[in-house]
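Observations on the model geometry
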Amino acid sequence: GGWYGSILIPAFKEVKRITLIDKDEKVISIAKNRLFNHYKNVDFITSDVFHNDRKGRIQNADLIINTSCEHMPSMKKLALDTNAYFAFTSNNMYDIEGHINCVSSIEEFKWQLPDNAKVLKEDRIVDDRGTRFTITGKLCAE
């Protein structure tokens, strides 16, 4: 769920390393070859983050951002055993194609967090399509 890196790559352009993972090959190709081809600190990976071969990159991250939780299984299924910060978003927009895991409330969204997640901030933004939920926090390695 990288959204072409359109918002996050420019926002974090000064960090040591960015890994953009999206299972849509077209999204990765456009991000890598057109939008951010001049960035040397970005790894572009076409993959499903729930495949074991990509967990190593996630496990070693300092910050994990997922702006598309409604498009994939619960983050709890990643079983993240790391000391990273996280920012996850989801929504209650059930009628949008590709939304397979929407939530009805911030409480329901929190149930989908890994067991070792400590919530630091939560927010709701209502617009004319529904409500967007954001949770930020810290994962604590067990």
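Per-chain numbering applies: the sequence of each chain, read as written, is numbered from 1 onward. Given that this is a predicted model, residues contribute local features only at a pLDDT of at least 70 and side-chain atom pairs are listed and counted only at 80 or more, while totals for whole chains, interfaces and linings are drawn from all residues. Side-chain metrics rest on all non-hydrogen atoms present in the structure, leaving aside hydrogens and water.

**Things to note about the packing of aromatic side chains**
- Only Phe, Tyr and Trp rings take part, Trp by its six-membered ring, and two of them pair if their centres are within 6.5 Å. Stacked means planes under 30 degrees apart, edge-to-face means over 60, and tilted covers everything else. Tallied over the full model, the rule gives two aromatic pairs.
- Measuring from ring centre to ring centre gives 5.3 Å for Phe36 and Tyr39, while their planes differ by 80°; the resulting arrangement is edge-to-face.
- One Lys or Arg, Lys138, reaches over the ring of Tyr85 and ends 4.7 Å from the middle of that ring. By definition, being over a ring means that NZ of Lys or CZ of Arg is both within 6 Å of the ring centre and within 35 degrees of the ring normal.

**Here we look at the sheet that holds strand E4 (residues 85–91)**
- Spatially, the four strands line up as an open sheet ordered E3-E4-E6-E5, and their pairing is mixed. Looking at the sheet topology across the chains shown, the edges are occupied by strand E3 (63–66) and strand E5 (117–127). Strand after strand, the sheet turns through a mean of 15° between neighbouring axes, direction not considered. Between any two strands, at least two bridges found by DSSP are needed for them to pair. Strands here mean DSSP runs of E at least two residues long; helices mean DSSP runs of H or I at least four residues long; both are numbered from the N terminus. Inter-axis angles, ranging from 0 to 180 degrees, are taken between N-to-C directions of lines fitted to C-alpha atoms, where helices are fitted over the stretch in contact.

**Considerations on the environment of Glu25**
- Structurally, Glu25 can be placed in helix H2 (residues 25–35).
- Residues Glu25 and Ile45, 20 residues apart in the sequence, show an inter-C-alpha distance of 8.6 Å.

**Overview of a nonpolar patch on the surface**
- In this scheme, patches are assembled from residues that exceed 30% relative accessible area and form no salt bridge. Like charges are connected within 9 Å, while nonpolar side chains (Val, Leu, Ile, Met, Phe, Trp, Tyr) are connected within 5 Å. Where accessible areas are quoted, they stem from the Shrake-Rupley method and a 1.4 Å probe; at the residue level, only the protein chains shown are allowed to cover. Think of a salt bridge as a Lys or Arg side-chain nitrogen and an Asp or Glu carboxyl oxygen that are within 4 Å of each other. Nonpolar side chains collect at one region of the surface, where Leu63, Ile65, Tyr85 and Leu120 lie side by side and expose about 360 Å² of accessible area between them.
- Note that Leu63 resides in strand E3.
- For the exposure calls, accessible area comes from a 1.4 Å probe over protein chains only, and a residue counts as buried if that area is under 20% of its type's maximum, exposed if over 50%, partly exposed in between. Judged by relative accessible area, Leu63 falls into the partly exposed class, the value being 38%.

**Side note on the side chain of Asn66**
- As for its placement among the helices and strands, Asn66 is situated in strand E3.
- Those residues in contact with Asn66 that lie beyond four places of it in its chain are Met72, Met75, Ala87, Phe88 and Thr89. Working rule for contacts: check all heavy atoms of both residues, and any pair within 4.5 Å makes them a contact.

**Here we look at the pairing of E5**
- Where E5 lies against strand E6 (residues 130–139), 10 bridges are found, and the strand directions are antiparallel. Residue pairing across strands places Lys118 opposite Lys138, the latter belonging to E6.
- As consecutive antiparallel partners, E5 and E6 are separated by two residues.

**A closer look at H2**
- Buried within H2 we find Val27, Ile28, Ile30 and Ala31. Looking straight down H2, one finds that the buried residues subtend no more than 165° of arc, so they occupy a single side. Exposed side of H2, more than 90 degrees from the buried face: Glu25, Lys26 and Arg34 are the residues found there.
- Looking at the buried side of H2, the elements it contacts are strand E1 (18–22) and strand E2 (42–46).
- Between a side-chain oxygen at the N-terminus of H2 and the backbone nitrogen of Lys26 the separation is 2.9 Å; the capping residue is Asp24. To be clear, the arc concerns the directions from the helix axis to the C-beta atoms. N or O atoms within 3.5 Å of each other form a polar contact, as long as, within protein, one can give a hydrogen and the other can take it, and as long as residues adjacent in sequence are counted only when both atoms are side-chain atoms.

No statement about biological role is implied by the geometric values presented.
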